[in-house]
Amino acid sequence: MLTFILKRMCLMFIVILGVTMMTFLIMHFTPGDPAEMIAMARYGVDDLTQEDIEWIRVQEGLDAPLHIQYIKWLNHAIHGDLGCSLINGQPVLSEILVRFPATIKLAAVSMLVALIIAIPVGIISATRQYSLTDNVSMMGAMLGVSMPNFWLGLLLILLFSVHLGWFPVCGYGGFEYIILPALTLGTGMAAITTRLTRSSMLEVLRQDYIRTARAKGLSEKVVISKHALKNALIPIVTVIGMQFGRVLEGAVIIETIFAWPGIGKLLVDSIYARDFAMIQGGVLFVAVIFVIVNLVVDISYTYLDPRIRYEGVK
Amino acid sequence: MTLLGIRNLKVYFYSEDGMVRAVNDVDLDIGEGETLGIIGETGCGKTILGLSILRLLSENTKVEGRILYKGEDLLKLSEDEMRKIRGKEIAMIFQNPLSSMNPVLTVGTQVAEPVELHQHLDNQNAKEKVIEMLKSVRIPLPSKRVNEYPHEFSGGMRQRAMIAMGLICMPSLIIADEPTTGLDVTTQAQIVELMKEVLKDSGTSMLLITHDLGVAAELCDHMAVMYPGEIVEYADVRNIFKNPKHPYTRGFLDSLPGRGLKPIPGISPSLINIPEGCKFHPRCSYATGRCKKERPQMKKVGEKHFVRCFLYD
């Protein structure tokens, strides 16, 4: 298991390197002179001079060739220094660490919402294939998949905050603040996971070992919960890992809509301001989290499926 | 004493291509301690016959007739009552033990389930019972192997574990569906030996479903030859081999490597398009005009020897 984890760490490093390179390139090819944007953000548009812009360009190292800029940044990053915000001079890392708990909280609650809906509904759908319950939940899932979540978010705000006044419109605070954004993020994921749970369960229920379990006289409840579910969970767990990436991605929009002070909102604000250091740091951080979650998923397979054993360890 | 009596059993279901008549008017009796073999080619409905006894077929399958177990009609029992029969009174051993065992549960857990369920043993007692059972089916190091998963077992060991799973509650009847198919020849021989022994020791009756005449000859007291959905000949083992009456049984025997390896001309009909009259007539060299129109009835041709053929009218 240790060799497996070490190997995966090497691969993770390559993935993350690729991500930072891509972000760096994309950032520098976006239209607009970064030095000018930063100068505007710092000194305002009115009394901006060409000298100020040039001064910032030299100051922030934006005059060096791209690859030199990248290597410089990388060298610092490897030593744990993500630099300082180009706009307000705050260290990037501390800014991210302040925002990070909010995003994790939102992501975790959204996933929880998704799983609480998806797994029971998927199982019921599979055990009553083509029944009314099945058709209704599959229609619901279709709706959930096709709805863009920023739109759903706005609808939820309209209904529950503006008309009914049950929850605050936006902001960060107690439990009541997280419900709407988590619901928005969670439903899309629940929809996909429900469909997957259903099809995975249907596949498992056709297997010979389910018939063996029934032949022992086990009740349908035990057959489903003990014999079928664990087998059906294997593909579901894979997708949950990848869905986590979608949650982080969705958080960028949802956090903006709900003014949720997480990394997503931080990234959006930084992109508007062309705060390269902050964008680069934020994307790196999100990529690391995503890769770690997927490593955890891979390790959890060994607990779900005893046939999977990673090299060298039984 | 008759343990299981099957009367006029019909099993059919609808598929996209039409109605599948898997079992047609089957009558069979299995006595206490007796082993009855159902012999037939792949696709003749013998597995469906076995599954219909435990009512393990899917809900859209229609089962008609009577299946009398100790005088009680299993087809009339509620699902809850049926669950008390499965695994406890009648157990089933499936073919292909790899796919028939749950890959994510340990062998010990799976073998223990019937006793935990039907005899309400706690974990510790069930585990002891499982180890004892694994020992009796000759699985080496049983106390270590209970904690292993099916994929860590060899094919033969898995089938032994399946047998242990079937026998653990001491059922009165075992339905064994191709228990040796997919095993190599030496392992087959060991499994047959083992089954012979455990059946003798426990006095359990068995319905053996197989296309392997060698296995059937070793294990069975009586044999029923099945040809698309119906029994065409029933006799004790000696008569089936020494004195086969039905042209299909003769053809089946002649196709054995030891008896000339002669194939039966034509192919066995699908369960959707079963011929009128005698179902074997398109492939039968003795067929007459009557065979095409009229369905022959079971005719007694000797002591406990019945055949469905107009040749013996």
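Residues numbered from 1 in each chain as written. Chains lettered and ligands numbered in written order. Predicted model: local features only at pLDDT ≥ 70, side-chain atom pairs only at ≥ 80, totals over all residues. Heavy atoms only, no water.

Colleague: Tell me about helix 10 (residues 220–257) of chain A, residues and numbers included.
Modeller: Residues and elements named next belong to chain A. With 38 residues, helix 10 ought to run about 56 Å at 1.5 Å a step, yet its terminal C-alpha atoms sit only 45 Å apart, falling short of that. The axis of helix 10 is deflected most strongly, by about 50 degrees, at Ala228. Ala259, located one to two residues past helix 10, shows a positive phi value of around 50 degrees. (Helix = DSSP H or I, 4+ residues; strand = E, 2+ residues; numbered from the N terminus. Expected span 1.5 Å × (residues − 1). Bend = angle between axes of the 7 residues up to and from the residue.)

Colleague: Give me the sheet that holds strand 12 (residues 305–307) of chain B: which residues, what numbers.
Modeller: All names here are of chain B. On the basis of which strands lie adjacent, the open sheet formed by eight strands has the order 6-7-8-3-9-10-12-11 and mixed pairing. The sheet terminates laterally at strand 6 (90–93) and strand 11 (299–302), the two strands that pair on one side only. For this sheet the average axis-to-axis angle between neighbouring strands, irrespective of direction, equals 20 degrees. Pairing of strand 7 (residues 173–177) with strand 8 (residues 205–210) involves five bridges; the strand directions are parallel. Note that in strand 8 the partner of Ile175 across the bridge is Leu207. (Pairing = 2+ DSSP bridges. Axes fitted to C-alpha atoms, helices over the stretch in contact; angles between N-to-C directions.)

Colleague: Could you give an account of the interface of chain B and chain A, with specific residues and numbers?
Modeller: Listed as interface residues are 26 residues of chain B and, on the opposing side, 21 residues of chain A. Both faces considered, chain B and chain A share a buried interface measuring about 2100 Å² in area, 60% of it formed by carbon and sulfur atoms. Considering only the surface of chain B that becomes buried against chain A, Pro103, Val104 and Glu113 of chain B emerge as the three largest contributors, covering 26% of it. Summed over the shared surface of chain B and chain A, the result is two salt bridges. Inspection of the chain B/chain A interface yields twelve residue pairs in polar contact (both at pLDDT 80 or more). Going through the elements one at a time, helix 3 (97–100), helix 4 (107–118) and helix 7 (155–167) of chain B are the ones with two or more residues in the side of chain B that touches chain A. (Contact = heavy atoms within 4.5 Å. Buried area = accessible area lost by both parts, 1.4 Å probe. Salt bridge = Lys/Arg side-chain N within 4 Å of Asp/Glu carboxyl O. Polar contact = N/O pair within 3.5 Å; in protein donor to acceptor, adjacent residues only side chain to side chain.)

Colleague: Lay out the packing of aromatic side chains with the relevant residues and their values.
Modeller: By the definition in use, this model includes eleven aromatic pairs over all chains. With a centroid separation of 5.6 Å and 40 degrees between ring planes, the pair formed by Phe160 of chain A and Trp166 of chain A is classed as tilted. The class of Trp166 of chain A is exposed, set by a relative accessible area of 56%. Of the aromatic side chains, those joined through ring pairs into one cluster are Tyr227, Tyr248, Phe252 and Phe280 of chain B. Here Arg145 of chain B stacks its cationic end above the ring of Phe153 of chain B, 4.3 Å away from the centre of that ring. (Phe/Tyr/Trp six-rings, centres within 6.5 Å; stacked < 30°, edge-to-face > 60°. Buried < 20%, exposed > 50% of the residue type's maximum accessible area, 1.4 Å probe, protein only. Lys NZ or Arg CZ within 6 Å of the ring centre and 35° of its normal.)

Colleague: Account for the sheet that holds strand 4 (residues 62–69) of chain B, naming residues and giving values.
Modeller: All names here are of chain B. With antiparallel pairing, the four strands of this open sheet are ordered in space as 2-1-4-5. Pairing within the sheet leaves two strands with one partner each, and these edge strands are strand 2 (18–31) and strand 5 (72–73). Strands strand 1 (2–15), strand 2 and strand 4 of the sheet are contacted by helix 1 (residues 46–53), whose axis makes an angle of about 115 degrees with strand 1.

Colleague: Give a detailed account of the domain arrangement of chain A, specifying residues and quantitative values.
Modeller: Residues and elements named next belong to chain A. Looking at the assigned domains, one finds that chain A contains domain 1 (2–78) and domain 2 (100–304). Taking only C-alpha atoms, the centre of domain 1 and the centre of domain 2 are 33 Å apart. The interface of domain 1 with domain 2 comprises 20 residues on the first partner and 16 residues on the second. The tally of links from domain 1 across to domain 2 stands at one salt bridge. One can count two residue pairs in polar contact (both at pLDDT 80 or more) joining domain 1 with domain 2. Residue assignment for the side of domain 1 that touches domain 2 shows that the elements contributing at least two residues are helix 1 (2–29), helix 2 (34–43) and helix 4 (66–78). Sort the elements by how many residues they give to the side of domain 1 that touches domain 2 and helix 1 lands first, with twelve residues. For the side of domain 1 that touches domain 2, a count of residues per class yields 15 nonpolar, four polar and one charged. (Domains from an automatic or database assignment. Nonpolar A, V, L, I, M, F, W, Y, C, P; charged D, E, K, R; others polar.)

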